[in-house]
Amino acid sequence: MRGWSLSAVLAGFLAVVISYSGPLVIFFQAASAAHASQAMMSSWIWAISLGAGLSGLWLSWRLKTPIITAWSAPGTALLVTLFPAMSINEAVGAYITAAAAILLIGLSGSFDKLLRHIPKGVAAGMMAGILFQFGVNTFKSIATLPVLAVGMVVSYIVCKKFVPRYAVVVVMLTGAAIAWTTGAADLGGVRIAAAAPQWITPEWSWRSTFSFALPLVLVSLSGQFLPGMAILKLSGYHTSAKPIMGATGIASLAVACFGGITIVIASITAALCTGRDAHEDPARRYVAGMANGVFYIIGGTLAATIVALFASLPKELVAVLAGLALLGAITSNLMGAVEDEQHREASVITFLATASGMSFLGLGSAFWGILIGLFAYFVLKRKPAAMN
């Protein structure tokens, strides 16, 4: 309790809110494609929430570092394209295969070696590119719900002047009040209901292994672990990937047979808990990771209620809240990308490639941004020899 702070707990809570209101939508699409029942969907949410919550809670406490875990959103997107040709049982078998592979990669230490070769400016450019769309979506929301969006932006600016630590709290309350009074939020269908986990017997096939398990490993490493570990490094936490990949790999294996897709380190929501908005003292920000884990466990227990609650909120409220909450992280990463003049161009190339949202060969912009940025970095870092 000595390290407890309201700002850190709030950061952990907001990370859960944004995860449930954003990437969770992809789960609904996957469930629809698989023709899964509501009870099965509730079990899936229970599994990913418990897996993320327990692993993040333990890692944050053990390492005294804000470790924010989540489920593989890029991997869930793969499911949408594979269902219903692939059965749910085959998907679970692929979950287990992918979790075992990631666990072995983490324990080998090879991922740590890769991270050491990524320059700070290039990593900052990648992270700024990932977060860029969240900032832009704040102001895009003005076109659809102007009263809500403008009210939240104004409250943020005013509170940043007078009560900066609690600005995001006020923004969240302001948005909820405006949504309620304007009728944009309808809570009439929300009921308290606990989740009922359902066991799914795994099945293995060559089709699911090559079409899902292997791509799941690749997108989890490139789209989650790579940017997630870069965020920790940029925030001054030089934690090895080995214990994180080990704990999330074990959690993934534990929840797979209840419908839980691979548990990974978070990237976007992690930025909420690793910066100064969580706490001025970096040594006390681990509380945000522990709070995040606790709120995930609560959310998983009440998975059916969570589904109904976020379905009742306007998407603009969450978009504005996410963009404003991540504003500090966007600023610090932009500064990190351009502060080193010698490698500034490579960092900006990384930022633009990542922010473009490109997708090629099934891999997202975070992977290609870092790859293109590293190429530019190694080509441009050496000055050509002076001509005689």
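Position numbers for residues count from 1 along each chain, tracking the sequence in the order it is written. Per-residue local features of the predicted model are confined to residues with pLDDT of at least 70, and side-chain atom pairs are confined, for both listing and counting, to 80 or more; whole-chain, interface and lining totals are unaffected and use all residues. Values shown for side chains rest on all heavy atoms present in the structure; no hydrogens or waters enter the calculation.

1. Description of the packing of helix α7 (residues 120–140) against helix α16 (residues 327–338)
Consideration 1: Axis lines are fitted through C-alpha atoms, for helices just across the contact stretch, and the angle between N-to-C directions can take any value from 0 to 180 degrees. Numbering of helices and strands runs from the N terminus; a helix is a DSSP stretch of H or I covering at least four residues, while a strand is a stretch of E covering at least two. Packing of α7 against α16 brings their axes to within 8 Å, and their N-to-C directions diverge by 145°. Where α7 crosses over α16, the handedness of that crossing is left-handed. On α16, the residues that touch Gly121, Ala124, Gly125, Met127, Ala128, Leu131 and Gly135 of α7 are Ala329, Ile330, Asn333, Leu334, Gly336 and Ala337. Each crossing gets its handedness from the near helix: less than a right angle anticlockwise from the far helix is left-handed, clockwise is right-handed. Whether two residues touch is decided by their heavy atoms; if any such pair falls within 4.5 Å, the residues are in contact.

2. Some thoughts on the nonpolar core
Consideration 1: Think of a nonpolar core as a cluster: buried Ala, Val, Leu, Ile, Met, Phe, Trp, Tyr and Cys residues, connected wherever their side-chain atoms sit within 4.5 Å. Burial here depends on accessible area, computed with a 1.4 Å probe over protein chains only, as a share of the maximum for the residue type. Under 20% is buried, over 50% is exposed, and the range in between is partly exposed. The biggest cluster of nonpolar side chains holds 117 residues, and the ones touching the most others in it are Trp44, Trp71, Leu79, Phe83, Phe111, Phe212 and Ile261.
Consideration 2: With 12 residues, the top contributor of residues to this core is helix α10 (residues 206–234).
Consideration 3: Setting aside anything within four residues of it in sequence, one finds Phe111 in contact with Ile105, Leu221, Phe225, Leu226, Met229, Ala241 and Met245.

3. Details of the layout of surface pockets
Consideration 1: Only protein atoms enter the 1 Å grid used here, on which a cavity is any set of points holding a 1.4 Å probe that cannot leave and a pocket is any open set flanked by protein within 12 Å on both sides along at least five of seven lines; residues with an atom within 4 Å of a point are listed as lining. Grid points are joined across faces, edges and corners, and a volume is the space filled by probe spheres set on the points. Roughly 740 Å³ of internal volume is contained in the second largest pocket.
Consideration 2: The wall of the second largest pocket is formed by 34 residues, among which Gly275, Arg276, Asp277, Gly328 and Ala329 lie closest to the centre.
Consideration 3: Of all the secondary-structure elements, those providing two or more residues to the lining of the second largest pocket are α1 (6–21), α7, α8 (146–162), α9 (167–182), α10, α12 (270–274) and α16.
Consideration 4: The biggest single contributor to the lining of the second largest pocket is α16, with 6 residues.
Consideration 5: Any residue outside Ala, Val, Leu, Ile, Met, Phe, Trp, Tyr, Cys, Pro, Asp, Glu, Lys and Arg is labelled polar, Gly included; the first ten of those are nonpolar and the last four are charged. A class-by-class count of the residues in the lining of the second largest pocket yields 16 nonpolar, 10 polar and 8 charged.

4. What to know about the packing of helix α17 (residues 344–355) against helix α18 (residues 365–380)
Consideration 1: Where α17 meets α18, the closest approach of the two axes is 8 Å, and the angle between their N-to-C directions is 160°. Taken together, the axes of α17 and α18 are roughly antiparallel relative to one another. The crossing of α17 and α18 is right-handed. Counting all contacts with α17, which are made through Glu345, Ala346, Ile349, Thr350, Ala353 and Thr354, the residues of α18 involved are Ser365, Ala366, Gly369, Ile370, Ile372, Gly373, Ala376, Tyr377 and Leu380.
Consideration 2: Of the residues belonging to the contact of α17 with α18, the class tally is 9 nonpolar, 5 polar and 1 charged. In these notes the angle categories are as follows: under 35 degrees is roughly parallel, over 145 is roughly antiparallel, 65 to 115 is roughly perpendicular, and the rest is oblique.

5. Describing a nonpolar patch on the surface
Consideration 1: Like charges are joined within 9 Å and nonpolar side chains (Val, Leu, Ile, Met, Phe, Trp, Tyr) within 5 Å, but only among residues with over 30% relative accessible area and no salt bridge; these make up the patches. For accessible areas, the Shrake-Rupley method is used with a probe of radius 1.4 Å. Any residue's cover is judged against the shown protein chains and nothing else. Any carboxyl oxygen of Asp or Glu that lies within 4 Å of a side-chain nitrogen of Lys or Arg is treated as forming a salt bridge with it. Judged by side-chain polarity, Trp4, Leu6, Phe139, Ile142, Val150, Val154, Val158, Phe162, Val163 and Tyr166 come together as a nonpolar surface patch covering roughly 930 Å² of accessible area.
Consideration 2: It is α8 that contributes the most residues to the nonpolar patch, 4 residues altogether.
Consideration 3: Note that Tyr166 resides in the loop between α8 and α9.
Consideration 4: Under the relative-accessibility criterion, Tyr166 is labelled partly exposed at 36%.

6. A short note on the side chain of Thr274
Consideration 1: With respect to the helices and strands, Thr274 occurs in helix α12.
Consideration 2: Using a relative accessible area of 3% as the deciding quantity, one classes Thr274 as buried.
Consideration 3: Excluding residues that lie within four positions of it along the chain, Thr274 makes contacts with Pro66, Ile231, Leu232, Ser235, Tyr237 and Arg285.

7. Here we look at the environment of Ser222
Consideration 1: Secondary-structure assignment places Ser222 in helix α10.
Consideration 2: Ser222 gets classed as buried once you look at its relative accessible area, which sits at 7%.

8. Comments concerning the pattern of salt bridges
Pairs can form between side chains of opposite charge once their charged atoms are near each other.
Consideration 1: Across all of its chains, the model carries 2 salt bridges by this definition.
Consideration 2: The salt bridge involving Arg207 is made with Glu90; its shortest N-O contact spans 2.6 Å. Linking Arg207 in helix α10 with Glu90 in helix α5 (residues 88–108), this pair joins segments that are 117 residues apart in sequence.
Consideration 3: Between Arg276 and Glu280 there is a salt bridge; the shortest N-O distance is 3.0 Å.
Consideration 4: Look at Glu280 and you get partly exposed, because its relative accessible area is 44%.

9. Topic: the environment of Thr97
Consideration 1: By the secondary structure assignment, Thr97 is in helix α5.
Consideration 2: Judged by relative accessible area, which is 27%, Thr97 ranks as partly exposed.
Consideration 3: Residues Thr97 and Val122, spaced 25 residues apart in sequence, show a C-alpha to C-alpha distance of 32 Å.
Consideration 4: With sequence-adjacent residues up to four places away left out, Thr97 is seen in contact with Trp204 and Ala213.

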